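As a plain string of letters, each chain reads:
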Amino acid sequence: MQTGYILGFFILPIFLEGCCDENYQKKKTETQLSPGLRQDAVCRHYKAVEGEIFMMPCIESVNMEVVCSRTGEGREGNKGTSFVCGRKFLVEAKYSGKYTCSGSELFFHLQVVERISLGPGCFQPEEIRELVVNIGGKIPCPGLNCSNNTDVIWYKGMTAVSRLTRSTCQEDGWLHLCKVRKTDTDVFFCDRQINESGVIWTFRRAVNVSVIPDEASYPPRIVHPENNTKEKVELGQCHTLMCKVYFPFEKKFSREVQWYMNYSGNTENMTLLPMEEQQHTRISHKEYKVIRRAIIKEVTPQHLNYRYTCIAGNNVGTSSRTIQLVEKIKVKWPSLVGYPIVSLLLVAGLGTVLHVKWLEIQLIYRSRFQHGKQHGGEKEFDVFLSYVWSSQSAELEGVLTLSPQRGPDSDEEACLSSMDPPNTEEGKSTQRPLEVLLPRVLEDWWGYRLCLLERDVPPGGAYTNDVVLAIKRSQMLICLLSADYLSNNNAVFELESGIQALLQNSSLKLLLIWTSGASASLIQPDPPLPPLVQRALKVLPSLDWTSGKPARATSNFWRSLRKAMPDQRVKLSSLMQDQ
């Protein structure tokens, strides 16, 4: 059987070669016929079979996309049906009608023939005609036996086969290709003429051609796994065995891949493993890729004593690969490698944070976790008050003059006078700006000694030296922050000097009071603040003050301020003697 099949491959080309040689001159005659037919016939009549592929050839002289649209009503009364000549489409009964084509004088009639009207002997179900590459092949014209006219013109796409530069011939309406090429995978059309009531119709039938390689001439080749290799597995876990095989093309499917298990290489007693379905992929004209997997649901110590073989076969032969499973050794890398790496990363990350945020860390520590004792007796002022005048506070400037009322001299008196200002007549005047109200509260009610530049620093000195010296002589720096304050160069210098003093002297306390109800992120001063000030505003202790708040909220502000004040006051004996 196989010997006769091989002899047929050799005999058929010889027969076709003779056919092609006899008709080579005839092909030249047909070459002249086809273009003239396509160019001169302005009005055409075509018949097509319902459900087959159809394509209307274009006039070669028209170098543009030609759209053919129906001008009248078709069989089903559908209007507006159109298609592009030179393009394949599946014809339906509704396409019957008269068409005109844009950009040319071409118009034609299309009649779609129903399948049942052809009769059982004339209609052939559409199937793919398979031809073997590099040898001769024949393509039949469907329904040719139902007509006395065996004169057929063959087309491949839009081009007549007789015009192609290749060896072909026709015999009894069949198209003979002396040598089949890969590019012959296409739709071929056979046209024959039919005379009905004096009208010449072109009956066009379509044949799908698929070019296939020669039959398999070698066994499959396994590319994975490699032979006599070992795969690492974990006991108690699921494991998948994969076999990847390349098969040569076969017209009749015979590709099969199986996984077997045997004990210690004993191939006489092999057990078929549970497997998934094969996965087929065509990777080239001549080869298929097949992958098949076997599943071991739970690996046990017994599985390590077996051998696993993948066997792939086709009509030509078989190939096999054998592997073994070995237990994967778990390395306790967290204790050997992981801990030092994690520790190193932790130290590196901590060092990076300290490097980037060292200034903020210093300010947080010095402002919130003061170490050492504050020596109020060594200072001249309890508080250096830094602020700028607002339009409202400028009218009340006179109230900043030190009141003749004395502050308390003892802790007992300070305790008695530390009542909440909102509960007193002075505290109820919360509509006053804080830069006016705060000095009265700190000095007259709480008995702290304030340093105000315009009052307590003699004029005529260097401003920068006076500010730095006044801050050093004070236990605490309070800054009343607002948009006007952060836009004032002198005020920002006082704040910056206090921050630098805080970094140098841990006994200085620094408190920010926002008087505008906004935070540093919402205020964009012009010119921009120094980088030191920008970073310090985010971490320094602060309070919020807004005039007109409810009495309870205002009371909480004063209590918080009272707790933030220095524990010891400067001695005022010399000041009282002067007064």
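Preceding this section is the structure that the text describes.
Residues numbered from 1 in each chain as written. Predicted model: local features only at pLDDT ≥ 70, side-chain atom pairs only at ≥ 80, totals over all residues. Heavy atoms only, no water.

*Asks:* Could you give me a rundown of the sheet that holds strand β22 (residues 287-296), with the residues and numbers involved?
*Replies:* Judged by pairing direction, the sheet is antiparallel, and its four strands sit side by side in the order β16-β18-β22-β21 without closing on themselves. In this open sheet, the two edge strands, each paired with only one partner strand, are β16 (221-224) and β21 (279-282). Taking the axes of each pair of neighbouring strands and ignoring which way they run, one obtains an average angle of 25° across the sheet. Bridge count between β16 and strand β18 (residues 239-248): three bridges; the pairing is antiparallel. Following the sheet pairing, Arg221 is matched in β18 by Tyr246. (Pairing = 2+ DSSP bridges. Helix = DSSP H or I, 4+ residues; strand = E, 2+ residues; numbered from the N terminus. Axes fitted to C-alpha atoms, helices over the stretch in contact; angles between N-to-C directions.)

*Asks:* Lay out the environment of Pro219 with the relevant residues and their values.
*Replies:* Mapping Pro219 onto the fold places it in the loop between β15 (199-212) and β16. Taking the C-alpha atoms as reference points, Pro219 and Ala312, 93 residues apart in sequence, are found 8.5 Å from one another. Ignoring any residue separated from it by four or fewer positions in sequence, one finds Pro219 in contact with Pro248, Asn314, Val316, Gly317, Thr318 and Ser319. (Contact = heavy atoms within 4.5 Å.)

*Asks:* If you had to explain the packing of aromatic side chains to someone new, which residues and values would you point to?
*Replies:* For any pair of aromatic rings, the description rests on two quantities: the centre-to-centre distance and the angle between the ring planes. Counted according to the given criterion, the structure contains 15 aromatic pairs. Consider the rings of Phe54 and Phe89, whose centres lie 5.9 Å apart with planes at 75°: the pair is edge-to-face. Of this pair, Phe54 sits in strand β2 (residues 53-54) while Phe89 sits in strand β5 (residues 89-90), and the two are 35 residues apart along the sequence. Of the two residues, Phe54 and Phe89, neither departs from the other in class, the shared state being buried. On the basis of an interplanar angle of 45° and a centroid distance of 6.1 Å, the ring pair of Tyr463 and Phe493 is categorised as tilted. Taken together, the positions of Tyr463 in helix α8 (residues 463-472) and Phe493 in helix α10 (residues 489-504) put the pair 30 residues apart, joining distant regions of the chain. Judged by its relative accessible area of 32%, Tyr463 falls in the partly exposed class. Aromatic rings pair up to connect Tyr46, Phe54, Phe83, Phe89, Tyr95, Tyr99 and Phe108 into one cluster. Residue placement shows Arg569 over the ring face of Tyr448; its charged tip is 4.8 Å from the ring centre. (Phe/Tyr/Trp six-rings, centres within 6.5 Å; stacked < 30°, edge-to-face > 60°. Buried < 20%, exposed > 50% of the residue type's maximum accessible area, 1.4 Å probe, protein only. Lys NZ or Arg CZ within 6 Å of the ring centre and 35° of its normal.)

*Asks:* Help me get a handle on the pairing of strand β23 (residues 306-313), residues and values and all.
*Replies:* In summary, the side chains of a regular strand alternate between the two faces of the sheet. Looking at chain direction, strand β19 (residues 256-263) and β23 are connected through eight bridges and run antiparallel. Within β23, the residue paired with Met261 across the bridge is Tyr308. One ladder, built from seven bridges, connects β23 with strand β24 (residues 318-327); its direction is antiparallel. Each residue of the ladder has a partner; that of Gly313, found in β24, is Thr318. Between β23 and the antiparallel strand that follows it, β24, lie four residues.

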